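Breakdown of the fold
Residues per chain are reported as follows:
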Amino acid sequence: MHNQHSQHHRILVVFPHPDDEAFGASGTLAKHISGGAQVTYACLTLGEMGRNMGIPPFANRVTLPAIRKEELEASCRAIGIQDLRMLGFQDKMIEFEDQQLLDSRIEALLEELRPSLVITFYPGYSVHPDHDATGASVIRTIGRLSADERPLVHCIAFANNHEQAIGKADLTVDVSAFIIQKMTSIRAHRSQFQAAELVGSRELTEEEILGRFGTEYFWTYRFD
Amino acid sequence: MQPIHPQDIQFRIDGLTDQDLYIHLELTTGAYAAHLDGTRHPASAFITNAAIRYTNGSISGTGPYRVGLKTALGWIYAEGLTHVEELETERLIMAGHDSQGKLVVALQLSREQF
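Residues numbered from 1 in each chain as written. Chains lettered and ligands numbered in written order. Predicted model: local features only at pLDDT ≥ 70, side-chain atom pairs only at ≥ 80, totals over all residues. Heavy atoms only, no water.

Regarding its fold elements, chain A presents ten helices and seven strands. What you see for chain A is a C-alpha radius of gyration of 17 Å, in line with the 17 Å of a compact globule of 224 residues. Based on the C-alpha atoms only, the size of chain A along its principal axes is roughly 50 × 40 × 35 Å. Every one of the 224 residues in chain A was classed for burial, and the buried ones make up 52%. Here the analysis covers contacts within chain A between residues at least 6 apart in sequence; of these, 81% occur between residues at least 24 apart. Approximately 10000 Å² of chain A is accessible, and the part contributed by carbon and sulfur atoms is 51%. Taking the 21 positively charged and 30 negatively charged side chains of chain A as two groups, their mean positions are separated by 2 Å. (Helix = DSSP H or I, 4+ residues; strand = E, 2+ residues; numbered from the N terminus. Rg over C-alpha atoms; globule rule 2.2 N^0.38 Å. Buried < 20%, exposed > 50% of the residue type's maximum accessible area, 1.4 Å probe, protein only. Contact = heavy atoms within 4.5 Å. Areas by Shrake-Rupley, 256 points an atom, 1.4 Å probe, with all protein chains shown as cover. Lys, Arg positive; Asp, Glu negative; His and termini not counted. Charge placed at Lys NZ, Arg CZ, Asp CG, Glu CD.)

This is the structure we're talking about:
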């Protein structure tokens, strides 16, 4: 297990939904950015098929995309992300999307940005079909590069069976020093943040917030 | 979104009768249903911007509400509707939210594409 936080100058983050960055990686990204990293976040959809509409509901199926776009922008500002790309794919449909089109968009970003680190979902172990399909596209695309051209890939996994299949995370990032950025990023997703499984029935104490959100976990993808 | 008043919905359904419309109809348990509770069976379906025309439509029940629309050759049905977008005048945008506020069903009608 290695827990050191190595230096990266250019990082590409690829997730399908606004708020994927907030829960899984915002603390780590804020940490990299404070160390001088340039971060590009490619967000494939606007999460327009999301089920949370606020409590009481202030969004609907028609207004949700514009609301979530603003939330995404606010979250990126909170983290310090310098470059947000909204790729305009249809939420829930990533697994059905033209694979060549999807891969070519990822490939173009890799060519343009030449990141030393890519962060995405671990294909097969990330619960939502959009997460798995996004991770799969990133892994396919990077897998086509020669070994010496490949950036490091850090994946997020959280399926119920993931540890049996891929073991424990090999990278554990203490983000407690960036908890304000992280909570601001999570709360920026106002339409999504009130979900019952997230906030429960009462306000969390500072200690509980750190316990729940103070550490982020990644799996380094092995291409061989 | 505001809680549904069935009389208002009936008035608006009547106003869209016998016209070429686009429909968005959706039902979903959410992609995380089985992740949070292994005994649940995740299921979702949506159809968006399908062209329809109905001859009779009504809202029924005491809330959550049901809506049935009779088309030339068949039916459209949605159960569990709780809310309507009150600021929309041209389009009828209805949704059903569960006790946690999550969308479980959506029924939307419009003369223009969504």
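Glancing now at the pairing of strand β2 (residues 21-28) of chain B. All names here are of chain B. Here β2 pairs with strand β3 (residues 44-52) via eight bridges, running antiparallel. Across the sheet, Leu-27 pairs through a bridge with Ala-45, a residue of β3. The sheet contact formed by β2 and strand β9 (residues 103-110) spans six bridges and is antiparallel. Following the sheet pairing, His-24 is matched in β9 by Gln-108. (Pairing = 2+ DSSP bridges.)

Reports of interface size often rely on the accessible area that becomes lost once the parts have come together. Taken together, the contact pairs 27 residues of chain B with 24 residues of chain A. Summed over both partners, the interface of chain B with chain A comes to about 2100 Å²; 58% of that surface belongs to carbon and sulfur atoms. Among the residues of chain B in contact with chain A, His-35, Phe-46 and Lys-102 of chain B are the three that bury the most area, contributing 28% of the side total. The interface formed by chain B and chain A holds two salt bridges in total. In this structure, the salt-bridge partner of Arg-51 of chain A is Asp-98 of chain B, at a minimum N-O distance of 3.8 Å. Along the contact surface separating chain B from chain A lie seven residue pairs in polar contact (both at pLDDT 80 or more). Among the secondary structure elements, those contributing two or more residues to the side of chain B that touches chain A are β2, α2 (33-36), β3, β8 (92-97) and β9 of chain B. (Buried area = accessible area lost by both parts, 1.4 Å probe. Salt bridge = Lys/Arg side-chain N within 4 Å of Asp/Glu carboxyl O. Polar contact = N/O pair within 3.5 Å; in protein donor to acceptor, adjacent residues only side chain to side chain.)

Now for the packing of aromatic side chains. Residues and elements named next belong to chain A. With the rule as written, the count across this model stands at six aromatic pairs over all chains. Ring centres of Phe-121 and Phe-158 lie 6.4 Å apart, and the angle between their planes is 50°; on these two criteria the pair is classed as tilted. Of this pair, Phe-121 sits in strand β4 (residues 117-121) while Phe-158 is found in the loop between β5 (152-156) and α6 (162-166), placing the two residues 37 residues apart along the sequence. By relative accessible area, which is 27% here, Phe-158 ends up partly exposed. An angle of 50° between the planes, with centres 5.5 Å apart, marks the rings of Tyr-122 and Tyr-221 as tilted. You can see Tyr-122 sitting in the loop between β4 and α5 (129-143) and its partner Tyr-221 sitting in the segment after β7 (215-220), a full 99 residues away along the chain. (Phe/Tyr/Trp six-rings, centres within 6.5 Å; stacked < 30°, edge-to-face > 60°.)

Residues of helix α7 (residues 179-188) of chain A that are buried include every one of Ile-179, Lys-182, Met-183, Ser-185, Ile-186 and Ala-188 of chain A, and no others. Of the surrounding secondary structure, the elements contacted by the buried residues of α7 of chain A are α1 (20-24), α2 (26-34), α3 (64-79), α8 (190-193), α10 (206-213) and β7 of chain A.

We now examine the pattern of salt bridges. Counted by the stated rule, this structure contains 14 salt bridges over all chains. Across the salt bridge formed by Lys-182 of chain A and Glu-216 of chain A, the nearest N and O atoms sit 2.7 Å from each other. Taken together, the positions of Lys-182 of chain A in helix α7 and Glu-216 of chain A in strand β7 put the pair 34 residues apart, joining distant regions of the chain. A residue is classified by how much of its surface remains accessible, and Glu-216 of chain A, at 1% relative accessible area, is buried. Across the salt bridge formed by Arg-53 of chain B and Asp-20 of chain B, the nearest N and O atoms sit 3.0 Å from each other.

It is worth spelling out the packing of helix α4 (residues 99-113) of chain A against α5 of chain A at this point. Residues and elements named next belong to chain A. With their axes 9 Å apart at the nearest point, α4 and α5 run at an angle of 65° to one another. As for the relative orientation of α4 and α5, their crossing is right-handed in sense. Every residue of α5 that contacts α4 at Gln-99, Leu-102, Asp-103, Ile-106, Glu-107 and Leu-110 is listed here: Ser-137, Val-138, Arg-140, Thr-141 and Ile-142. Split by residue class, the contact of α4 with α5 holds five nonpolar, three polar and three charged. (Axes fitted to C-alpha atoms, helices over the stretch in contact; angles between N-to-C directions. Left-handed = near helix turned anticlockwise from the far one by under 90°. Nonpolar A, V, L, I, M, F, W, Y, C, P; charged D, E, K, R; others polar.)

Turning our eyes to something else, we now look at unusual backbone geometry. Look at the link from Ile-55 of chain A to Pro-56 of chain A: it is a cis peptide, with omega at -10°. Summarising the element assignment, Pro-56 of chain A is placed in the loop between β2 (38-43) and α3. Here the amide bond leading from Gly-63 of chain B into Pro-64 of chain B is cis, since omega sits at -5°, within 30 degrees of zero. Its place among the elements puts Pro-64 of chain B in the loop between β4 (54-60) and β5 (65-71). Positive phi values are uncommon outside glycine, yet Asp-19 of chain A reaches one of about 100°. Here Asp-19 of chain A shows up in the loop between β1 (10-15) and α1. According to the relative accessible area criterion, Asp-19 of chain A is buried, its value standing at 12%. The phi dihedral of Asp-18 of chain B is positive, around 60°, even though this residue is not glycine. Of note, Asp-18 of chain B is situated in the loop between α1 (6-15) and β2. Overall, Asp-18 of chain B belongs to the partly exposed group, its relative accessible area being 43%.

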